[in-house]
Amino acid sequence: MTDRGNHLTAFSRRHFVGAAAAGTSALRLAGSRTAWAAAAHAPTGHPDADMYEKTVRDAAMTWRTLPTGWQQAPFLANGYLGAQLYAGKTANTLKLMLSHSQVQDQRGQWRGGIGFSRLPIGYFTLTLAGEITAVDWTLDLYDAELRGTVTTTRGSLAFSALVQNDTSALLISTRPTPGEESAAWSFQWLPAATTRSSGKPEDYTANPDPRVGDGFVEQPLLAGGGWTTAWREQREGTGRLLAAHLVHRFPGQMSEATTAALRAVDRTLAAGPDRLVDRHRTWWHAYYRRSFLSVPDKRLQSFYLTQLYKLAASTRAGGPTISEWGPWFPEVGNNWTAVWWNLNVQIGMAPIHGSNHPELDSVTGAFRRFEHNLPTSVPVGYRDGESYALGHPSDWQLRAGDTYDVGAPGSDHVSDNFGNLTWALHNVWQSYRHSMDLSVLRDVVYPILAKAINFYAHFLDEGPDGRLHLLETRSPEYADAEDCTYDLSLVRWGVRTLIASAKLLRDNDPRLKRWQDIDRRLTPYAEDPAAGVMIGKAVPLADSHRHHSHLLWLYPLRERNWDRAEDREVMRRSMDHWVSMQQLWHGYSYATASSMYSVMDEPEKALDFLTFFTDLKVVADCQMTVNTMYREGKNLALESPLSAAQSMLDMVVQGHEGVVKVFPSVSDRWADASIASLRTQGAFLVDADRSGGATRWVRVHSEAGAPLTLDHSVAGRIDVRDAHGRPLHWREAGPGRITVALPRGGTAVVTPHGARHPGTGPRDVPSNGTWTRWGLPG
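Source: prediction; values computed, not measured. (Residues numbered from 1 in each chain as written. Predicted model: local features only at pLDDT ≥ 70, side-chain atom pairs only at ≥ 80, totals over all residues. Heavy atoms only, no water.)

## Some points on the overall build of the protein chain
Then, in step 1: From N to C terminus, the protein chain includes 17 helices and 35 strands.
Then, in step 2: Here the C-alpha radius of gyration of the protein chain, 27 Å, is about what a compact globule of 778 residues would show, namely 28 Å.
Then, in step 3: With respect to the three principal axes, the spread of C-alpha positions in the protein chain is 85 × 75 × 45 Å.
Then, in step 4: Restricting to contacts in the protein chain with at least 6 residues of sequence separation, those with at least 24 account for 68%.
Then, in step 5: Surface accessibility of the protein chain: about 27,500 Å² in total, with carbon and sulfur atoms responsible for 51%.
Then, in step 6: Averaging the locations of the 79 positively and 82 negatively charged side chains of the protein chain gives two centres separated by 6 Å. (Helix = DSSP H or I, 4+ residues; strand = E, 2+ residues; numbered from the N terminus. Rg over C-alpha atoms; globule rule 2.2 N^0.38 Å. Contact = heavy atoms within 4.5 Å. Areas by Shrake-Rupley, 256 points an atom, 1.4 Å probe, with all protein chains shown as cover. Lys, Arg positive; Asp, Glu negative; His and termini not counted. Charge placed at Lys NZ, Arg CZ, Asp CG, Glu CD.)

Shown next as structure tokens:
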């Protein structure tokens, strides 16, 4: 391990032992088993010690007005169990809505959005003696805990709530003042029926009503198995501790789920909250220390940190990948009941790589575990054992429904699903490139991508021009077209990745010649002299289009590179035309446009599009919500705000074609910026500091020993040293660009010539103005 790694590990160990000791001590003093200690802050004395913590705690969302639904509510989760707190049905109640990322139907005879639909569970109601007159709540991202008070006409009640990280226990402590001693929780189940209305078959029937017992609700499924929600309140004086667990079993017996859920509640209450809360905080504190990003716009900085919280709350590498809801049930607006693969997962999961959070990589995990389900999305006539596809919506196990397939290009069943699998595998390839873990390439990307491309290869025909042309497909959400740009770009990326992978893996694959032939002869994209790349052959982009399907080659595939002068003109024409028609854009359109402008050296436009999206403007009946959840119509759609976090990462560091760029697209409005441990392709971790509009220093740590070309953004002459301050050999590779040979575990530090060696930690840069917290702060 490097000195840098030893330092951070030693600090983390000191901090967590201190925090745990402080928390346990406070609990002993309190002498209560129905409450836990307030958060213990990091010790001072080291710049790292309170910088990470302070920055994340400063991003806390606050509520001074009672939220009325999911679009305003604070939210808790651990990748599985999710909860949202908002106003109840009457003036003296609060509602805590529960959901779980594994709870779904299991009737594969229908398409995924119905047959594998996520299902409602139910909610807890806190009934108070008086009517609610005021709230003062804080969602502390650093502790992943909601704390606050509720004031009523009869008194007040303080509470703390969390979804414990490793046990999935819901824990809520309530401490009332006189007048509210009777405040207590009750549970109301919801019907286990899909809330999706689109494509609902006439013979659909809901699952049966549950069996309700003392402190549990047992919900069976018609397909077998089901889940049990169990809870109990422990009282001590006037204080109460609610502990709840949900246990899901499929396949399995309902009795197993009920027994397990009741035992889990008993274990949680017997253990008391202190050790569970300490473990919970330890995980979340370490999570935020994996990387760092600070910018002068503190509302955007808070937004970014909230998306990191939301990602870890939504998914984990060993669990389900994100559906449109994540682990939260939207009580109103819930038509998107499963996992969408034609854009949503791909852009929503993108920030895990740059933010250095591989522990959240549920996409790679899904393909590792559930590859065997991919043939079912292939039309029967093409199930040759060598072809894969992925229909949507699917469930988290990649099942789109037993009777649904993606169709076939050029047939009477053309869908916009042909590219789902290849685009999703680009996310997995990014996991490989950001880690340089050959097992990801060898065991997941290479074998599955080969079969995804083989499916496409059935529909490539040689034309009179000697080129390979693709039969009619559908550009997602726009139009049918031959030589559809969306599909061609994925095929081109796919075969080039397979060719490079076969060479790297030293695999003498008999399919290699076919891939090379496709790469050599695949037809170029149809272009318009004024409007750039078109939807497909004879199909221009004539109207506003929220989906960037026809620009996938520009981003994220990055087939064309702004660094190459010959690529710039078509990139600019295509981008200008798409941006000229924004009437039907949705949130992710603006986030994607921001990222596209970042890779095109347009930092002011990149920031403009990002801030437009995050400023709560209503466009095409879509809006960023005050809690950053985001709505499209009435529907909850997590991917748009998550993709905006990637927009911020693209501003501060990029890695592409072996070049790492530091502060490549930072606006002049951001004179200062600080980053630490942001991850790039090549398995590099980048730290850097910008002050007064100039880069002060850059540090790059190599985990894999990959070749490094660094666009360092330091003006003028430079010094390049290792982690101990010793000079490193480097070579100039262009203006502001150098190559450095770093071994595995090596570090390069770039500073202006003659400058002092930089400090070891990041900094929270000064704010460039006042800002309003997320939530309902006033």
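## Regarding the pairing of strand β7 (residues 145-152)
On a regular strand, each side chain points to the face opposite its neighbour's, so the side chains alternate between the two faces of the sheet.
Then, in step 1: Relative to β7, strand β6 (residues 132-140) runs antiparallel, the two sharing eight bridges. Paired with Ala134 across the strands is Thr151, a residue of β7. (Pairing = 2+ DSSP bridges.)

## Structural notes on the pattern of salt bridges
Then, in step 1: Applying the stated criterion across every chain yields a total of 51 salt bridges.
Then, in step 2: Glu145 serves as the salt-bridge partner of Arg147, at 3.0 Å between the closest nitrogen and oxygen.
Then, in step 3: Assessed through its relative accessible area of 21%, Arg147 is described here as partly exposed.
Then, in step 4: Two residues, Glu527 and Arg573, come together in a salt bridge whose shortest N-O distance is 2.9 Å. Taken together, the residues Glu527 in strand β20 (residues 527-528) and Arg573 in helix α14 (residues 565-579) connect sequence positions 46 residues apart.
Then, in step 5: Within the structure, one salt-bridge network assembled from shared partners comprises Glu53, Arg57, Asp140, Asp143, Glu145, Arg147 and Arg281. (Salt bridge = Lys/Arg side-chain N within 4 Å of Asp/Glu carboxyl O. Buried < 20%, exposed > 50% of the residue type's maximum accessible area, 1.4 Å probe, protein only.)

## Brief notes about unusual backbone geometry
Then, in step 1: Of note, the amide linkage connecting Phe250 to Pro251 takes the cis form, showing an omega dihedral of -10°.
Then, in step 2: Looking at the secondary structure, you find Pro251 in the loop between β14 (239-249) and α4 (254-271).
Then, in step 3: Cis geometry is found at the peptide bond from His392 to Pro393, where omega equals -5°.
Then, in step 4: Mapped onto the secondary structure, Pro393 falls in the loop between α9 (362-370) and α10 (420-435).
Then, in step 5: Non-glycine residue Ser168 carries a positive phi angle of around 60°.
Then, in step 6: Counting through the fold element by element, Ser168 comes out in the loop between β8 (156-163) and β9 (170-176).
Then, in step 7: For Ser168, a relative accessible area of 17% corresponds to the buried category.
Then, in step 8: Despite not being glycine, Leu616 shows a phi value in the positive range, around 65°.
Then, in step 9: Assignment of secondary structure puts Leu616 in the loop between α16 (603-614) and β22 (622-623).
Then, in step 10: The partly exposed category is assigned to Leu616, whose relative accessible area is 26%.

## Some remarks on helix α17 (residues 639-652)
Then, in step 1: Over its 14 residues, α17 runs 21 Å from end to end, which matches the ideal 20 Å to within 8%, given 1.5 Å per residue.
Then, in step 2: Counting buried residues in α17 gives 14 out of 14 residues, a clear majority hidden from the surface. (Expected span 1.5 Å × (residues − 1).)

## Quick look at the sheet that holds strand β35 (residues 775-776)
Then, in step 1: Read across the sheet, 10 strands follow the order β11-β12-β13-β14-β9-β8-β7-β6-β1-β35 without closing on themselves; strand pairing throughout is mixed. Both outer strands of the open sheet, β11 (211-213) and β35, are each paired with one neighbouring strand and no more.
Then, in step 2: Those strands touched by α4 are β9, β12 (216-220), β13 (226-236) and β14, and its axis lies near 150° from that of β14. (Axes fitted to C-alpha atoms, helices over the stretch in contact; angles between N-to-C directions.)

## Describing the pairing of strand β4 (residues 93-100)
Then, in step 1: Most of β4 sits inside the fold, with eight of its eight residues counted as buried.
Then, in step 2: The two faces of β4 match: Thr93, Lys95, Met97 and Ser99 on one face and Leu94, Leu96, Leu98 and His100 on the other face are all buried.
Then, in step 3: Taken together, the seven bridges between strand β3 (residues 81-87) and β4 define a ladder with antiparallel strand orientation. When the sheet's bridge partners are listed, Ala83 is paired in β4 with Leu98.
Then, in step 4: The turn linking β3 back onto β4 is made up of five residues.
Then, in step 5: As defined by bridge partners, β4 adjoins strand β5 (residues 122-127) across six bridges and the pair is classed as antiparallel.

## Observations concerning the nonpolar core
Then, in step 1: Residues Phe124 and Phe367 are the most contacted members of the largest nonpolar core, which totals 207 residues.
Then, in step 2: The element that contributes the greatest number of residues to this core is helix α11 (residues 438-457), accounting for 13 residues.
Then, in step 3: Look past the residues within four positions of Phe124 in its chain and what remains in contact with it is Leu94, Lys95, Leu96, Leu98, Leu170, Trp185, Ser186, Phe187, Trp231, Leu242 and Ala244.
Then, in step 4: Residues Ala243, Met254, Ala261 and Leu276 belong to the second largest nonpolar core, which totals 15 residues. (Core = buried A, V, L, I, M, F, W, Y, C linked by side-chain atoms within 4.5 Å.)

## Some remarks on the environment of Val445
Then, in step 1: The topology assignment puts Val445 in helix α11.
Then, in step 2: Between the C-alpha atom of Val445 and that of Leu708, which follows or precedes it by 263 residues, the distance is 24 Å.
Then, in step 3: Discounting chain neighbours no more than four positions away, the residues touching Val445 are Val428, Trp429, Val440 and Ala450.

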